[in-house]
Each structure stands twice: as structure tokens, then as C-alpha cells.
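Letter by letter, the chains look like this.
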Amino acid sequence: MPYIRKAVRRSLTVVLGAVVIATGGAAIAEVVTGEPVTSPSFNGPVYAVAYRGSTVYVGGNFTSAVVGSKSFPRTRLAALDARTGALLDWKPSADANVRALAVAGDVVYAAGDFDTVNGTARDAVAGLGATTGQLTAMRHTVLGQPNALVTGNGRLYVGGRITAVDGAPRTNLAAFTLSTGALDAWAPTTDDVVNAMAVTARRVYVGGRFHRTNNVGSTLRLSAVDPVTGALDTTFSAKPVSQVFALAADPSGVYAALGGQGGRAVAYAPNGATRWTRVFDGDAQAIATLDGTVYVGGHFDKACTTTNNGAKGVCTDGSVPRGKLAAIDAQGNLLPWAPQANGVAGTRQIATSPSLGSISAVGDFTTVGATSRKRYVAFAGVTPRAESAPAGGPVASYNFDSTIADGTFDDGSGHGHLLRAVTRNGGKVAMEPHGSGQAITFPPRCSEPSCPRLVLQAEATDDLNPQAQPLRYGASVRLASPPAGATGQDGQNILQKGYAAAGGQYKLQVDGVSGKPSCVLTDRTGEGSYIVRSRTSIADDEWHTVECRRTGPTLAIAVDDQVQATAAVPAALSIDSEQPFSLGGKGVGTNNDQFHGALDDAWIHIG
């Protein structure tokens, strides 16, 4: 099952025959189901959605909700039970489009193009009772169009195309104090429209089509500001390639949905470094996270298998169907989840509920799969299952589906260990399709004096030195059968850090003749190497997962989730190498132990 393996490889329990080789008991949540749950439909576009407990609120430009064959008046605002899908008797009315919703305590906040709510003057922003639908006392005059709302840090933050609030100058950003509803002093600025916001305890992320934040020119389309003072956070620097339509944040960083030539979903680390990128054949307009999975919506029909696309967003290296909705794991792998919504504008916003384990998507679609779901759809969660898996994520992870520049590959773990190609004698980076993305192909076997060479290397760093801690590392590997009549040994290095010398090493290698992979550990003293070799060959031109695991005094190798062999190692064995981490060989010299197959989903886990 190479497709599934690529999609969720590092989220699965590593169970080898009857032997569980991972430790701990972390809860791993599955992706929500692809079958829509029961819910109302709406007779006009839905732009906004938000959860409060077991209630879902929606806003847009509709005038009725449809349950079965019966229509119920709902004027641009409505609510439903998130557990049953039943339409609730919450029915405030707005006289024009509702573009954004946010919830804090017992209040639902709405923003949009309206002048009145419930027949009472409310200019562009209003507060509504979460159970009654009655207006709060909050009332302001907003000059401009709000596009985004988020709550946090005692404030309601607003972004859009705004020039003033209550006569006080504001440049596309403003905030109100939740306790009183009063205009807050928070007033950062952008030089063009704000489409999206996301809030954490330390930052407010701002996205749109601006070029400057607080008049600083290095803040193209995405920036972070202080949630209290509005000062620019200069420790965050990300430069999206096109307009930002939506944002979501979690402890790993911030996620952006981009438009442009096709569309992109991009994960950024807390410092703004790109963790991974997924590309689609149309704009990505919505993004949200739930239990480590990133859900993306837009008006795309396909997800590209690489980060390359051409005119009008066409995927140039292959694609898989993803109608208006897609899911991506924490390392940037495209997941099999594909509900297939229709329409042109597609999905406009996604909200998630961690407590319910469910998601809601809104927009202009009318069917999802073969089911009628007009402009609103919800997907039920799956109960997390306790699995034997590492409590933390990998310290390095590479799926080769997203690049920063030619020959430079993202580290999907978020730790910033970029891989850069080093070549000699005409060696070059080549890719091949694998699962829902792509794999890297190394130079073929060669017996000439100056054979092509290709190695991928990350900068030397202590982060990838396990010392004496538990260590796991591995990759998906494809290796062709050896040439007819081949004899002897043909050592090929798949993954390694360090050498069998001072500092020590860990390595995954394969014999190109026997096809049997092996794991090697060498102590930091350089004295004594320990090897465990698989009993099974992988040289059959098929994809196999190979994993090495060191736990205390034991070194094990697994192939396709089956333990092949174990060996004893000193419990005190420690690895602390100053050498760079590499894939495909130990260097580009004459005897570099060049790997001659294809690799995908390489990873390292320490601790």
C-alpha cells in the first residue's frame, strides 16, 4: 500500500509482526471521515463559520435554510447543532453580507457589509448573544470593509480594508476590548487589504495582499504583530509568493492558504521558515488544523504531486483529484481524504472543533461526493486511538514533495534541517512519482572511473546527534534487482550521520548485490561498530519501508513493518558527530558508497 504509506507513514504505530517496537502511549487522531454528516443547506453563499461548544454558527448572503424539503427563514445568520445537524432557533438577521464570524464566551461576533442587524443600526461589526441572537451594546462606525475576525488576549481583532473606526484612523487593522466593546488602542497598519488573521498568546498573524506592515517593507503578505501593542514581531519573517486568503495557527507555527498561479497551502515555522508546501490547480482560500492534520479548501479540483505548476495553475508533474477540499499531515504529506465538492468558487472557510473532533466547511458548492450539501458541509471526527508511538515528532523529515529552490528540500518536521544537493561528474537531482507525491532518484549503477554522483546533505548540527538516547530513523526505498551475474559486495549508503571514526555514526545502508539492508551504529570514540542486517532482500524494484531502531542495549531493523533481526549494543553507546547528515552517500568522492535507487519519506526521531 505505497499510497497510504506515503500519506501517513509517520503517524502510524510501528508494529512488527507481534513485536511493538515503539514506546509510549501517545493518542493519534485519525483524519475525519470523508462522508458528510446530516446538515441543513442554504439558498445563498456561506462565507463564515465558527464553533461554540456543540453549536455551529454560519454567516453569508443567504435568506433561508433548507431542511429536507422545507425552507426556514434565516437572513444571513444561522446556527445548527454540531452533533445532530439540526437547525437551531437562533435567527438574528443582517441586511447585507456577513463575511466573518468569531466567538468569545457567550457572544458571537459578526462582521461584513451590513448596516443593520435585527433591524437596529450596526455598522459592519456586531455582537450577538450566542443563545438568544439578541444584539449586545457594542456599536461602532466602521469606514471600510471588514474581512476577518479573531478573538484572543481579551480583544476582538478585525482586519480588512479599513480606514477609520468611530472617526479614529485605522489602516486595515483594528481591535475592540471584549469586556466593554470599546475601541482598543491596538492599531498596527498595512499598506493594502487584510484578508485573514490568526491569534496566539504571543502573536497576531496577519495575511493579505499588502507589502508593508507598520511601514516595514520586509513584511510581504504575511506578518506577525504583538497582540497588545501592535508592534511588528521582527523574529517572524515569511514571504509568501502570492496573496494570502486564510490563516491558522498552532504551537508548530502558522499555516497559510494562498492564491496566485494555482494555489498553495504553506506551513511556516515560528520564525517564518517554510516547513512544507502543497500546490493545487486553483486558489486555496480556507485553512484550519485539527489534531495535527491541516484541512485546506478552495476552488481547486486537483492537488499537484509536486510543487511545480504552469499556466492557469495546471499541475505539470502530475496530480490527484481533490475537489475543493484536501487534508495534509504534519510533515506535509497529502492524505487520501478527498470528499470531492463541486462548484466554481468552492470552499470559502473551514472551522474545526477539537472537543468534537469534527470540521465544518462553507462556500458555494452544492454537492459533496454524491450527496447534496448546498453551501455547508460537516464531517464527523473519529475517536482518537491510543497507539504505541513516540510522544514527540521527528527531528528531521523529508517527503521531497516541496522545495525551496532547485535541489533544496524542505524539512517537514519544522526544525529547519534543509537538504541541499551536492553533485559531481554530471550527477543531478531527478524525481519520480510515488504515492500522492514524488520521490528522489539517485544515479544508476556505473562502473566507469568518473561516475555521476549525487548526495543530499543538511548542515552539521547537534540537533541530529542522539548521544545515548533512543534513536529511530528510516526511509521508503526502491532498489532495482542487481545486474545478472553480479557477485561480491556493493555497499550503498541510504542515510547516515557521521563516520566510523571519532564522533561515531548512525547509518542505514544496503548491499546492492544481495539487496539486504542493514543498520550500523558506531560509538563516539570511534571504537566498535555494531551492525544488524535484514534477512530479506529489498532489491526487487518495489517500494519498501526500512527502519532502524536503537533502544538501550538493542539495535533492530524492520522491513515493511516486520522485524528482521536484532543485535546487542552497549547501553552507553553514544553518537556525537560533527559531520553533516546525508542521504544517498557519504560524500561525492571516488568511493562515496553511492546509493543507486530511489528514496522517499526519510526521517529521524530522537528520544
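Everything here concerns the structure above.
Residues numbered from 1 in each chain as written. Predicted model: local features only at pLDDT ≥ 70, side-chain atom pairs only at ≥ 80, totals over all residues. Heavy atoms only, no water.

**Student:** Is there a simple way to explain the state of the cysteines in this structure?
**Tutor:** In protein structure, a disulfide is the covalent linkage between the sulfur atoms of two cysteines. Here the structure, examined in full by the defined rule, presents three disulfides. Disulfide partner of Cys304: Cys315, at an S-S distance of 2.0 Å. Judged by the sign of its S-S torsion, about -75°, the cystine formed by Cys304 and Cys315 is left-handed. Of this pair, Cys304 sits in strand 28 (residues 302-304) while Cys315 sits in the loop between strand 28 and strand 29 (319-321), placing them eleven residues apart in sequence. The same class applies to Cys304 and to Cys315, which are both buried. (Disulfide = S-S within 2.5 Å. Helix = DSSP H or I, 4+ residues; strand = E, 2+ residues; numbered from the N terminus. Buried < 20%, exposed > 50% of the residue type's maximum accessible area, 1.4 Å probe, protein only.)

**Student:** Help me understand the sheet that holds strand 31 (residues 347-353), please; the structure alone is not making it clear to me.
**Tutor:** Strand pairs in the sheet, formed through backbone hydrogen bonds, run parallel or antiparallel to each other. Pairing is antiparallel across the open sheet formed by three strands, whose spatial order is 31-32-35. Among the strands making up the open sheet, the edge pair consists of strand 31 and strand 35 (376-379). Mean inter-strand twist for the sheet, computed between neighbouring axes without regard to direction, equals 15°. Bridging between strand 32 (residues 358-363) and strand 35 involves four bridges; their strand directions are antiparallel. Bridging across to strand 35, Ala361 finds its partner in Val377. (Pairing = 2+ DSSP bridges. Axes fitted to C-alpha atoms, helices over the stretch in contact; angles between N-to-C directions.)

**Student:** Please clarify how the nonpolar core should be interpreted in this entry.
**Tutor:** One broad rule of soluble globular proteins: the nonpolar side chains tend to lie buried together. Leu419, Tyr473, Tyr506, Phe581, Leu583 and Ile604 are the most contacted members of the largest nonpolar core, which has 44 residues in total. Every residue in contact with Tyr473, bar those within four places of it in the chain, is listed here: Leu495, Tyr506, Lys507, Leu508, Cys519, Val520, Leu521, Val546, Glu547, Cys548, Trp603 and Ile604. (Core = buried A, V, L, I, M, F, W, Y, C linked by side-chain atoms within 4.5 Å. Contact = heavy atoms within 4.5 Å.)

**Student:** Looking at this structure, how should I read the side chain of Gln509?
**Tutor:** As for its position among the elements, Gln509 is in strand 46 (residues 505-511). A distance of 3.1 Å separates a polar atom in the side chain of Gln509 from a polar atom in the side chain of Lys507. Excluding residues that lie within four positions of it along the chain, Gln509 makes contacts with Gln492, Asn493, Ile494, Lys516, Pro517, Ser518, Val520 and Ile531. (Polar contact = N/O pair within 3.5 Å; in protein donor to acceptor, adjacent residues only side chain to side chain.)

**Student:** Looking at this model, I keep getting lost on the pairing of strand 30 (residues 325-328). Mind explaining?
**Tutor:** Within a regular beta strand, the side chains point alternately toward one face of the sheet and then the other, so they alternate between its two faces. Residues Leu325 and Ala327 line one face of strand 30 and the alternating positions Ala326 and Ile328 line the opposite face, and both faces are buried. Two strands pair when backbone bridges link them, and strand 27 (residues 293-298) and strand 30 are joined in this way by four bridges, in the antiparallel orientation. Looking across to strand 30, one finds that Tyr295 is bridged to Ala327.

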